Amino acid sequence: MSQCFQLAPLIRHLVIGPEPHGPSRTLPRHQPGVIMTDFDLNLLTVKATREETLLPNLEVFEASFTTNFSDEELLKFINGRLDLEALRSGIAALKCVRMAFNRPRERDITADVERYAKAAGIDFNLELAYLPEPSSATDPLSPSFGLTEDGRSWHLQDIED
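Residues numbered from 1 in each chain as written. Predicted model: local features only at pLDDT ≥ 70, side-chain atom pairs only at ≥ 80, totals over all residues. Heavy atoms only, no water.

## Some remarks on the overall build of the protein chain
This is how the line gets drawn: For the purposes of this entry, the term helix denotes a DSSP run of H or I that reaches at least four residues, the term strand denotes a run of E that reaches at least two, and both are numbered from the N terminus. Note on exposure labels: buried denotes an accessible area under 20% of the residue type's maximum, exposed denotes more than 50%, and partly exposed covers the range between, all computed with a 1.4 Å probe on protein chains only. Throughout, a residue-residue contact means that at least one pair of heavy atoms, one from each residue, lies within 4.5 Å. Working definition of accessibility: Shrake-Rupley area with a 1.4 Å probe, residue cover restricted to the visible protein chains.
Counting its regular elements, the protein chain contains 4 helices and 4 strands. Reading the secondary structure of the protein chain in the N-to-C direction produces α-β-β-α-α-β-α-β. For the protein chain, buried positions account for 37% of its 161 residues. Excluding contacts between residues fewer than 6 apart, the proportion of contacts in the protein chain whose partners are at least 24 apart in sequence is 80%. Accessible surface, the protein chain: about 10,100 Å² in total, of which carbon and sulfur atoms supply 54%.

Below, the structure is given as structure tokens:
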């Protein structure tokens, strides 16, 4: 993938996974069995060493059904693309990130991104969709329904005989 990006430095809008739907560009929601796990976001992250940055003109990044990078890695990618020094060196300002993850949120990065974009003077659009947190309630048809968290079927202390 790195070689493809090297050959296309003028790309401004990149969509990884299924294209968002319709004119409103609605992000697709979770689809069982559709998981894209082979994209390395670090390829597009601006490096502190200022080595060549792939897709230096990237302004819009969209991805769907991804699970292989963390919220922390996404934040690092966004911050690198909004870094004032990177912008001065010719890297285009990232203006929009839209992601649909096939996992629950690990960390809310919204406030950090807003703060960094404001400092850079960029009007930034961040749209993130996650799977809901797993429910602590057990399905009534599950074999573990009614058991305590440690697997007991009663809630009182064990009685020693």
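## Focus on the environment of leucine 14
The residue leucine 14 is located in strand 1 (residues 13–16) in this model. Judged by relative accessible area, which is 9%, leucine 14 ranks as buried. Along the primary structure leucine 14 and valine 97 are separated by 83 residues, whereas in three dimensions their C-alpha atoms are 9.8 Å apart. Sequence-distant contacts of leucine 14, defined by excluding residues within four places in its chain, comprise Phe5, Leu44, Leu55, Leu58, Val60, Phe61 and Glu62.

## Comments concerning the packing of aromatic side chains
Basically, it comes down to this: Stacked, tilted and edge-to-face pairs are distinguished by plane angle, under 30 degrees for stacked and over 60 for edge-to-face with tilted covering the rest, among Phe, Tyr and Trp rings (Trp via its six-membered ring) whose centres lie within 6.5 Å.
Within the structure shown, the criterion is met by 3 aromatic pairs. Judged by centre distance (5.9 Å) and plane angle (75°), the ring pair of phenylalanine 69 and phenylalanine 101 falls under edge-to-face. Taken together, the residues phenylalanine 69 in the loop between strand 2 (60–66) and helix 2 (71–82) and phenylalanine 101 in strand 3 (residues 96–101) connect sequence positions 32 residues apart. Of the residues examined, phenylalanine 69 reaches a relative accessible area of 4% and is grouped as buried.

## Comments concerning the packing of helix 2 against helix 4 (residues 110–120)
The test is simple: Axis definition: a line fitted to C-alpha atoms, over the contacting stretch in the case of helices. Angles run 0 to 180 degrees between N-to-C directions. Here the angle decides the label: under 35 degrees means roughly parallel, over 145 means roughly antiparallel, 65 to 115 means roughly perpendicular, and every other value means oblique. Think of it as three bins: nonpolar holds Ala, Val, Leu, Ile, Met, Phe, Trp, Tyr, Cys and Pro, charged holds Asp, Glu, Lys and Arg, and polar takes everything else, Gly as well.
Viewed as axis vectors pointing N to C, helix 2 and helix 4 meet at an angle of 5°, and their least axial separation amounts to 10 Å. It follows that helix 2 is roughly parallel to helix 4 by the angle criterion. Contacts from Leu75, Ile78, Asn79 and Leu82 of helix 2 reach helix 4 at Asp112, Val113, Tyr116, Ala117 and Ala120. Class assignment of the residues belonging to the contact of helix 2 with helix 4 gives a composition of 7 nonpolar, 1 polar and 1 charged.

## Re helix 4
Rules: Picture the helix axis, draw a direction to every C-beta atom, and the arc is the one those directions span.
Here helix 4 has its buried residues at Asp112, Val113, Ala117 and Ala120. Down the axis of helix 4, the buried side of the element spans an arc of 125°, and every buried residue falls inside it. For helix 4, exposure combined with an orientation more than 90 degrees from the buried face picks out Glu114, Arg115, Lys118 and Ala119. Where helix 4 is buried, its residues touch helix 2, helix 3 (84–88) and strand 4 (125–129). Of the residues one or two after helix 4, glycine 121 is the one with positive phi, at around 75°.

## Some remarks on the pattern of salt bridges
Put simply, the rule is: The term salt bridge refers to a side-chain nitrogen of Lys or Arg lying within 4 Å of a carboxyl oxygen of Asp or Glu.
Within the structure shown, the criterion is met by 10 salt bridges. Close ionic contact of aspartate 108 with arginine 105 constitutes a salt bridge, the shortest N to O distance being 3.7 Å. On the basis of relative accessible area, arginine 105 is assigned to the partly exposed category, the value being 41%. Arginine 115 is paired through a salt bridge with aspartate 112; the nearest N and O atoms lie 2.4 Å apart. Residue arginine 115 and its partner aspartate 112 are both found in helix 4; the two are separated by 3 residues, about one turn of the helix.

## Some words on the nonpolar core
Spelled out, the test is: Throughout this description, the term nonpolar core refers to a set of buried Ala, Val, Leu, Ile, Met, Phe, Trp, Tyr and Cys residues connected via side-chain atoms within 4.5 Å.
If you look at the biggest cluster of nonpolar residues, it comprises 29 residues, and the most contacted ones within it are Leu44, Phe61, Leu74, Phe77, Ile78, Leu94 and Val97. Mapped by element, the contributors of at least two residues to this core are strand 1, strand 2, helix 2, strand 3 and helix 4. The biggest single contributor to this core is helix 2, with 5 residues. Once residues within four sequence positions are removed from consideration, leucine 74 is found in contact with Leu41, Phe69, Val97, Met99, Phe101, Ile109 and Leu128.

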